[in-house]
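In case you want the letters, here they are:
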Amino acid sequence: MNKTNIKTLKRERRHKRIRARVSGTTERPRLAVFKSNKFMYAQLIDDTAGKTLASASDIKGGKGTKAERSVVIGTELAEKAKALKVTTVVFDRGGFRFTGRVKALADSARAAGLIF
C-alpha cells in the first residue's frame, strides 16, 4: 500500500467514528463536508429520510483561493438552508481536521445564520 491509500483509509476510519455519533433529522439536518485536492462540497442531509436537502460546491468555477471559495460555499449553503426554514444543523467534518478550508466553511455558515 502506498501512502495515499493509508491516508485515505485513516480519514475514512475517523469519519466512521464521527458518523457513529452524528445523525441528521428533518428539523436538524447534518451539514456534511467533503474536500478533494481541487474542490470542496457541502450538503445538508436528512438521515432519517435518506435525502439531501441542499448542496453547494465550488466545482462550477469559483474565483480566488480554495479557502475563499469555501467561504462562498458556506454562505451559499446557509442561504439555501434559510429558504428551507432550517436554522440549526449538526456539523459533520467528514474525517477532516477542523482547520483551513473546513473551518472557513463552518465559520461562514455560522456568520450567515446557521447554528451549530
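Treat the numbers as computed from the prediction; the structure is a model and nothing was measured.

Reading guide: rules and limits
- Residues numbered from 1 in each chain as written.
- Predicted model: local features only at pLDDT ≥ 70, side-chain atom pairs only at ≥ 80, totals over all residues.
- Heavy atoms only, no water.
- Pairing = 2+ DSSP bridges.
- Helix = DSSP H or I, 4+ residues; strand = E, 2+ residues; numbered from the N terminus.
- Axes fitted to C-alpha atoms, helices over the stretch in contact; angles between N-to-C directions.
- Contact = heavy atoms within 4.5 Å.
- Buried < 20%, exposed > 50% of the residue type's maximum accessible area, 1.4 Å probe, protein only.
- Core = buried A, V, L, I, M, F, W, Y, C linked by side-chain atoms within 4.5 Å.
- Left-handed = near helix turned anticlockwise from the far one by under 90°.
- Nonpolar A, V, L, I, M, F, W, Y, C, P; charged D, E, K, R; others polar.

Peer 1: Lay out the sheet that holds strand E4 (residues 90–92) with the relevant residues and their values.
Peer 2: Spatially, E3-E2-E1-E4 is the arrangement adopted by the four strands of the open sheet, whose pairing is mixed. Edge positions in the open sheet fall to strand E3 (51–57) and E4, since each of these has one partner strand only. Direction aside, neighbouring strands of the sheet carry axes that sit 20 degrees apart on average. Across three bridges, strand E1 (residues 30–35) lies against E4 in parallel orientation. Opposite Leu31, over in E4, you have Phe91 as the bridge partner. Lying over the sheet, helix H3 (residues 101–111) contacts E1, strand E2 (40–46) and E4, oriented at roughly 145 degrees with respect to E1.

Peer 1: Can you tell me about unusual backbone geometry, naming the residues and giving the values?
Peer 2: Although it is not a glycine, Lys85 sits at a positive phi angle of roughly 65 degrees. On the accessibility criterion, Lys85 (76% relative accessible area) is exposed.

Peer 1: How would you explain the nonpolar core if you had to name every residue and give the values?
Peer 2: Counting 21 residues, the largest nonpolar core has Leu31, Val33, Leu44, Leu77, Phe91, Leu105 and Leu114 as its most contacted members. When residues of this core are traced back to their parent elements, those giving at least two are E1, E2, E3, helix H2 (66–83) and H3.

Peer 1: So what's going on with the packing of H2 against H3? Which residues, and what values?
Peer 2: H3 packs onto H2 with a crossing angle of 35 degrees between their chain directions and a minimal axis gap of 7 Å. Handedness of the crossing formed by H2 with H3: right-handed. On the side of H2, the interface is formed by Lys66, Ala67, Ser70, Val71, Ile73, Gly74, Thr75 and Ala78, while H3 contributes Arg101, Ala104, Leu105, Ser108 and Ala109. For the contact of H2 with H3, the residue count by class is seven nonpolar, four polar and two charged.

By themselves, these are just geometric observations and shouldn't be taken as functional.
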